[in-house]
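Listed here are the chains, written in short residue letters.
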Amino acid sequence: MLRIALPNKGRLADDTRELFNDAGLEVRASGERSLTASLGGEFEAIFVRATDIPEFVADGAADVGVTGWDLVCESGRELHELLDLGFGKCRMVVAARDDSGVSTLDDLRGNGIAPRVATVFPRITRSFFESAERSVTVVPVSGACEIAPHLGIADIVVDITSTGSTLRMNGLHEVATVLESSARLIATPVLATASPHAAARVALTELTTALESVLRARGQRYVMANVPRAVLEDVRRVLPGLNGPTVIDLLNGGTHVAVHAVVPSHAIYRTIAQLKQLGGEGILVTRIERLMP
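Residues numbered from 1 in each chain as written. Predicted model: local features only at pLDDT ≥ 70, side-chain atom pairs only at ≥ 80, totals over all residues. Heavy atoms only, no water.

K.L.:
What am I meant to see in the side chain of Thr 125 here?
P.N.:
By secondary structure assignment, the location of Thr 125 is in helix α4 (residues 122–131). A polar contact is formed between the side chain of Thr 125 and the backbone oxygen of Phe 121, at a distance of 2.7 Å. When sequence neighbours within four positions are dropped, the list of residues in contact with Thr 125 reads Val 117, Thr 119, Val 138 and Val 158. (Helix = DSSP H or I, 4+ residues; strand = E, 2+ residues; numbered from the N terminus. Polar contact = N/O pair within 3.5 Å; in protein donor to acceptor, adjacent residues only side chain to side chain. Contact = heavy atoms within 4.5 Å.)

K.L.:
Sorry if this is basic, but what is going on with a nonpolar patch on the surface here?
P.N.:
The grouping of Ile 147, Leu 151 and Ile 153 at the surface amounts to a nonpolar patch, some 270 Å² of accessible area in total. With respect to the helices, strands and loops of the structure, Leu 151 is situated in helix α5 (residues 148–151). The exposed category is assigned to Leu 151, whose relative accessible area is 57%. (Patch = residues over 30% accessible without salt bridge, like charges linked within 9 Å, V, L, I, M, F, W, Y side chains within 5 Å. Areas by Shrake-Rupley, 256 points an atom, 1.4 Å probe, with all protein chains shown as cover. Salt bridge = Lys/Arg side-chain N within 4 Å of Asp/Glu carboxyl O. Buried < 20%, exposed > 50% of the residue type's maximum accessible area, 1.4 Å probe, protein only.)

K.L.:
Would you take a moment to explain the sheet that holds strand β13 (residues 246–249) for this structure?
P.N.:
Sheet strands line up and pair through hydrogen bonds in the backbone, either parallel or antiparallel. Reading across the sheet, the 4 strands line up as β13-β14-β12-β15 and stay open at both edges, with antiparallel pairing between neighbours. Strand pairing shows two members of the sheet lacking a second neighbour, β13 and β15 (281–287), which therefore form its edges. For this sheet, the mean inter-axis angle between neighbouring strands, taken without regard to orientation, is 20 degrees. In terms of strand pairing, strand β12 (residues 220–228) meets strand β14 (residues 256–264) through 9 bridges, oriented antiparallel. Paired with Asn 226 across the strands is Ala 258, a residue of β14. (Pairing = 2+ DSSP bridges. Axes fitted to C-alpha atoms, helices over the stretch in contact; angles between N-to-C directions.)

Structure, rendered in structure tokens:
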């Protein structure tokens with residue numbers, strides 16, 4: 001049985017649970033505060049803080065985990081990324097006060113005194129500024145580092161942002177991007193690439209495939225329509241699909257055929273209009289639960 005470490009609270013936990021449910025791995029916990037839950041079959045979930053998941057997986061307390069890439073990088077542990085889950089997207093940025101006069105990293109050279117950087121991510125921060133050949137003094141904080149420049153604790157901050165609104169609200173602006181993050185499915189390199197347990201490798205592959213099929217289906221729609229046989233070449237340009245549209249003869253023959261294709265959801269409005277222009281009838285659009293290449 002594979003043990004999977006999942007976030008225990010917050011938006012990341014909600015999105016993770018939704019993904020696993022959509023993949024047929026429904027979380028069956030005995031109560032809201034349960035620390036473990038069955039995912040059916042050969043999977044068991046344990047619920048821990050997202051910040052602790054890299055350590056749990058690296059130390060073998062869990063075989064697989066779901067957490068933010070920023071937390072994986074900050075942990076410094078050797079972990080294998082199996083899948084980018086696409087949600088929980090954010091950026092880690094360098095930010096300075098609006099009245100600081102700092103707009104680029106070059107402005108940090110200043111008067112030769114190493115600027116102080118407040119951050120919840122000291123490991124990543126040190127590595128970033130070392131790579132940028134900038135001398136700084138890292139000031140680790142446990143949270144709410146946006147206030148640090150206003151209190152004189154630090155000159156700049158390195159923090160996570162999604163839209164930048166919190167930074168702007170606190171009189172800060174972005175100077176540079178440190179890294180981009182999103183939720184990832186992670187495992188130890190041994191389990192991911194050279195596990196001695198064949199059953200564990202099979203279960204891990206099945207888990208990754210199930211989640212990936214759900215992610216691939218998101219943002220896609222399945223389109224079916226009856227179109228004149230004479231315009232199939234034009235329909236092919238409207239419905240490229242994964243490998244071109246599927247064409248099926250109708251039971252009563254005639255001049256029409258049925259075409260099926262997968263179309264990005266953002267293109268549905270225009271696709272329907274183009275099919276109508278080509279004489280399409282009986283157009284049906286439906287969501288897709290899973291999609292395998």
